[in-house]
Structures are given as structure tokens and as C-alpha cells.
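Reading the structure
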Amino acid sequence: MLNLLGRRSVILIVLAVMMAVLPLLFPSSYYFRVASLVWVSALAAIGLNILMGKAGQVSLGHAGFFGIGAYAVAIGPAHLGLNALLAVLVGALLSAVLAFLVGRPILRLKGHYLAIATLGLGVLVAMVITTESGWTGGPDGMPVPKLSLFGWRVSGSTTWYWITAGLLLIGTWFALNLDDTPTGRAFRALHDSEVAARTAGVHVERFKLQAFVIAAVYASVAGSALAMMNGFVNPDQAGFLHSVELVTMVVLGGLGSIVGSIVGAAVLVVLPQLLTVFQDYEHFLLGLIIIVSMIFMRDGMVPMLAKLARRARS
Amino acid sequence: MAHYTHVLRSVAVGATALALSSFSLMHAALAASTIKLGSVLSITGPASFLGDPEDKTLKMYVDKINAAGGVDGQKIELVVYDDGGDANKARTFATRLVEDDKVVAMIGGSTTGTTMAMIPVFEEAQIPFISFAGAVEIIDPVRKYVFKTPHTDKMACEKIFENIKARKFTKVAMISGTDGFGSSMRAQCLKVAPNYGVSIVAEETYGPRDSDMTAQLTKIKNTAGVEAVVNPGFGQGPAIVTRNYAQLGMSSTPLYQSHGVASKSFIELAGPAAEGVRLPAAALLVADKLPDNDPQKKVVTDYKKTYEDATKQPVSTFGGHAYDGLYILIDAMKRAKSTDPKKVRDEIETTKGFVGTGGIVTMSPTDHLGLDLSAFRMLEVKNGDWTLVQPGS
């Protein structure tokens, strides 16, 4: 049965069923809020995973694109009179263009140098957002007008749960399908060995750039969704710590594993909520759990569990 | 073999779902005879200097109130979450307090950023929210359910310019930090300066992590006719400004700092350069030096003693904001003889003559702060300590 449907469909179906069933277990809209946060973070993490896990390039400034998306839906309607949905597209387009322009030079760098260059990009975006207070409200942030679709004002945790769930499904579907396209294969070739990929005729620069642009668009859309859901944005969302959080989600869940990114996002969003019962030890435990899981599950949670399963079988 | 992997992947995802649903179990319903108050504070992270004393103050005084029998015989149960200074987390915790913990009132919100992010949650749920954050945007425009206890940066500007006016200065230079505090206060100062006949003749800024402001100060020094310099900012920036100011030999021109650095550590950081620096601050900072007939004397000395005895740490005005918030709320509940959020809200709004650490609070439907300029005292650093500046000098 599973073989008949294929790997991708199974993942998508499981995800969709889970999204549909979870609300039945939720006692209050607070759970919808937490779940929506998981979906949004997972969306950004999946995008980053395409860049990091598939194409093998690191980005330590990815929250910059998240911030562009978030501020697009804040500034667009407030200052430019844009429709909110149009603002999401404008944000995504802006992120794509920025990724394209900046990616061309910096993706020629490798390893630590690339990490620093992307980090710089993220910091720059956060700085612009913080200092241009006339447009962005400065360090204290600014309100985001409620999204309205054909006269229907979108609000409430439940509504946003379904919207973010839908976005994540689309994002997952796209990322899973990418695997089996020539682009996806080129990404994997790049990941394994740049020299070999080049020798085999892969246009290395072009595919790196493509992965970077795709990752930027994912982050931007996730940023827009979170901003509209919160009704408020502030520069933290574009900040370095958020970039690190996204990278952690990807690495913790498993580099290259799309399901891993969802799991990674879920762990990093839900765990702090669970750990509040430990009060003062909350951060200590969070750090401990992450350290221990990285030591014992070096490939990330999902690939490691998959490996264990294979071993158990053979 | 391959599809085994996929099943396992699904199991991993399923486990997450379980984790999500299991925390409903961790919050079993509590006895109905308690009053549940919520708080979201930045206890860790970059704003922990705000959240930490606030957290300690709230817990300490809630224990005190409970030991004395609670409010009208009902014990208070305080739920505190740490947002780490992250507005997005604060928003989630706010939702949790309203939806899951079902609190009847909210006291907290350490920073303007976290407060602004939480406001929509409490406005929508119609639960009173008393914030401990500084900026004036929180209560201007007035929101039905939102109040705050700390003075605003606008009042600090007014207090400074009032003093500048009393000294018959009209030409002022400003050097501001570009962090949230500095940029917000800078904007407020520029707005109110004309009301005091003050013109800003030079304006410089510095970044929150800059380690030298000599260049900006030299520019101010070379501007003709500057009679006083105002430095809106907090953290280490103002201490560096103060040191550079003395190094450049500018000390003959009065330097005004903001309430943002109203703590002993500023004097320690700036060293002898701090001599003669003036700043507006809450009475709490000079509790021991207040004259005995000062209406705030008893409250601030009691709070200072209680806090310092319990924590062995020097008192800060931030913890004082939490004290004020808690007691404004408790008083309102006693007056309302109810914990119904709507009735409590109405009573908070009629708070009259409440003597807190931050000043004497009298709220109204158009004023959800309730402090006037008398809440600030103008202080001057003399011999490495704060002294009260006599009015008119």
C-alpha cells in the first residue's frame, strides 16, 4: 500500500491527516496558536533545508528574508496602501530579488566565508529595519493591519491554524517534489561534491543561486504569515538569534530531511512551552536536550530514527 | 525495507503530535477559590535587568499578600512566564494565559516590544493588562483594557526641559542612542522641546554597542551657543558619553542623562566624570534622602527594605513598577469586591491617589498612567552619589 502511493504522497497524507486530527485534541485556542507557530517555523525551516540540506550551502542570515516578508505586510498596507495579499507577494519578490543580487557574489564563497557573508546580510537587513523608524517603527516594531479577504476579516487562532497548515502543506509538497526534478538532483550533486558536480556538467553557480532564492521566498512567505497572525512585527524576527533558531531547526530535525525540518520546528517551538513547568531550569533543560540530541543523533532526529529502523530490520 | 523508513518517519511526526497534546495534562485545573493572575516578563535575555527584579518583586509580594490571608479571603495564584525579551514568545504566552490558564488579570510585559505584541490578546479577551514598560505608545491612544505604571519617556523629557528652563537655558544639544529606548525618547524630546522655549541646535546619535562617542561630542562642542546637552539612552552608552564628555573638557556645560540610567551602576561605570550630571528619576532611587514629609517616603523605603532584605541585591526602579502594578490591581479588586475582569478594569480606571514607588497615581478614562511630573525627581551626582536638586536651581 505504502509502496503503491509512493514516499511523497505518504508523507503529505500523514501530514494532512495530522493537521486535520490535531484540532480535535486541542482544548483551547492557545494550542492552535502554538501549532500555527510550528507550521510557520516549519515552512521557513523547509526553505532553509533546501539550501542547507539539499544544495549544501549554509545561511546564517536567513531571518533577514523572514523579516522582509514580515515587514512587507506591515509597511505595504500601512504606508503604501497595498492589499495585504499583494504585500505578501511583494515581500516574496523583494526577498527573491535580494537573494538573487546578493547571492551571485556571496555564493562563490565556501564554508566559513559563506557563513559570515550570509550572517552579514541578515544583520544588515535587521539594521535597516531597526534604524528606518519612519517606515518600520524602529526597534519597538509596528502593528500589522488585519488581513481581509473579499470583505472577510481573517482573525482568530483557529483560522490562522488552517491558513498556516495549508501553506506548510504546499511548501512541503513543493520541497518533496523538488527532490526528483533535474534541479533537485543538481542540488544533491552540489551537496555531495561541487567539483564532481561541475565535472558532470552541472552549472554550479546557477543552482546554488536557485536554492538561495527558493529558500529566501519560503522564509519571506513564512514571515508574512507570522506577521499577519500576530498583528505585530518587530526587528527580532529579522535578527541573528532568529537565524540561528532556523538553522537549529534544520540541523536538529536532520539536514536534507523535509520531515526533519517539520519535526525540528515542532521541537523548538513546543519544547519551551512544555518546559515552563520547570521555571528556572527551563533554559538549562532546553539547552541540555538540544546538546544531547545533537551528540546522540548527529544526523538529526528523523534521519537517525530512520537509520535505527533500517538497522533493526536487517 | 524502504517503506519501513517512511513508516518510521511518520511515527516521528506522530510523536510530535502527542507532545503537542500532552501539555493539556500538565495544566490540571486548580482549586476554584484562588484568584489567578498572569504575568509575562523578560526574566532572561537582553532585557533581564528589567524582568528579573519584576519577577522577584511580584513573587515576593504575592507570597506576602497570601500569608496575610489573600484578597477578601481568596489566595492569589500567580502564573509567570519568561519571554526572554522575544515579542513573538510573549504573544504566545499571552494567549496561553488567557486561553489556557484563564487568568482574570495580567500584570507584566517588561519591554515596550513585548507589551505591544501582547496588547491585542488582552484587548480581544477583555482582560485588564497593566504593563511595566516605558513607552508612551502603550497608553496613547488610550486602550480600554491597557494600563501602565512606569513614567513615560515624554515625561522624562519634560522634566529635563523644565529644569533647563528654570536655569534659563534655551539652546540645547542632543546625543541619543539608536536603541529602542533612545530613539523613542529622542522623538519625544524633539516633540516637547518647543513647549519649554528650548531649541535643539545640534543632534547626534550613536549605536547601542559603540564604544567611543568622542566624534559626535566634538561636533557638539564645536557648535556655537550650546548651553546644555541631553543624552537620551540607556545601558552603557550614556556612561561612555559621560566619560568622553569629561575627557573633552566639556563639563562646564551641564549634561543631562535620562531616567534610563538611573541606577548606581551608571555612577560606577562613568566614574568621576559623572560628577555634576543631572537626571530625572523616581523617588525610589533616593528613598533615604527624601524629606520625612514626602508622601512617597514610607512606600519607597518599605519597598526598598523588603526587596533588599529578601534578594540581597540593590533595589531598582523596575521592580518598583511591578510593585505598583500589583497593588493597583489588588486595590481595584478590593474596591470591585469581585474578580470579574470587566469590573476590575473599571476600578483600575478610577484609581485615585494611589501612592506607589513611581509616584502618586490618579487614573481617568483618558489617562491610563495617572502620573504627573511630580513623580520624577531631578537628581544630581555629587561625590559619587545621587542628591536631590532643589526646585528652581
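Criteria and thresholds
- Residues numbered from 1 in each chain as written.
- Chains lettered and ligands numbered in written order.
- Predicted model: local features only at pLDDT ≥ 70, side-chain atom pairs only at ≥ 80, totals over all residues.
- Domains from an automatic or database assignment.
- Contact = placed C-beta atoms within 7 Å.
- Helix = DSSP H or I, 4+ residues; strand = E, 2+ residues; numbered from the N terminus.
- Nonpolar A, V, L, I, M, F, W, Y, C, P; charged D, E, K, R; others polar.
- pLDDT = per-residue confidence, 0-100.
- Pairing = 2+ DSSP bridges.
- Axes fitted to C-alpha atoms, helices over the stretch in contact; angles between N-to-C directions.

Quick look at the domain arrangement of chain B
Residues and elements named next belong to chain B. Along its sequence, chain B is organised into domain 1 (32–151 + 304–375) and domain 2 (154–287). Computed from C-alpha coordinates alone, the two centres of domain 1 and domain 2 are separated by 30 Å. If you look at the interface, domain 1 gives 17 residues, while domain 2 gives 18 residues. Every element with two or more residues in the side of domain 1 that touches domain 2 is listed here: helix H4 (112–125) and helix H11 (317–336). Looking at the side of domain 1 that touches domain 2 residue by residue, the class counts come to 7 nonpolar, 9 polar and 1 charged.

Structural notes on the confidence of the model for chain B
Residues and elements named next belong to chain B. Averaged over chain B, the pLDDT score is 88; the fraction of residues at 70 or greater is 92%. Within chain B, no element has a lower average pLDDT than helix H1 (residues 2–22), which sits at 48, and none a higher one than strand E4 (residues 129–131), at 97. For residues 10–32, every residue scores under 50 in pLDDT, and the model assigns this stretch 29 contacts once sequence neighbours within four places are set aside. Interface scoring of the predicted complex returns ipTM 0.81; its pTM is 0.82.

Let's talk about unusual backbone geometry
All names here are of chain B. The amide bond that connects Asp140 to the next residue, Pro141, takes the cis arrangement and shows omega of 5°. Following the sequence through the fold, Pro141 ends up in the loop between E4 and strand E5 (146–148). Positioned with a positive phi, Asn383 is a non-glycine residue whose angle comes to about 50°. One can find Asn383 in the loop between strand E13 (376–382) and strand E14 (385–388).

Observations concerning the sheet that holds E4 of chain B
All names here are of chain B. Here 5 strands make up an open sheet; going across it, the order is E2-E1-E3-E4-E5 and the pairing parallel. Since the sheet does not close on itself, it has two edges, and those belong to strand E2 (75–82) and E5, each with one partner. Each neighbouring strand pair of the sheet contributes to a mean axis angle of 25°, computed without reference to strand direction. Where strand E1 (residues 34–41) and strand E3 (residues 105–107) come together, 2 bridges link them in parallel fashion. Across the sheet, the residue bridging to Gly38 is Met106, located in E3. In the packing of helix H2 (residues 48–67) onto the sheet, the strands contacted are E1 and E2, and the crossing angle to E2 comes to about 165°.

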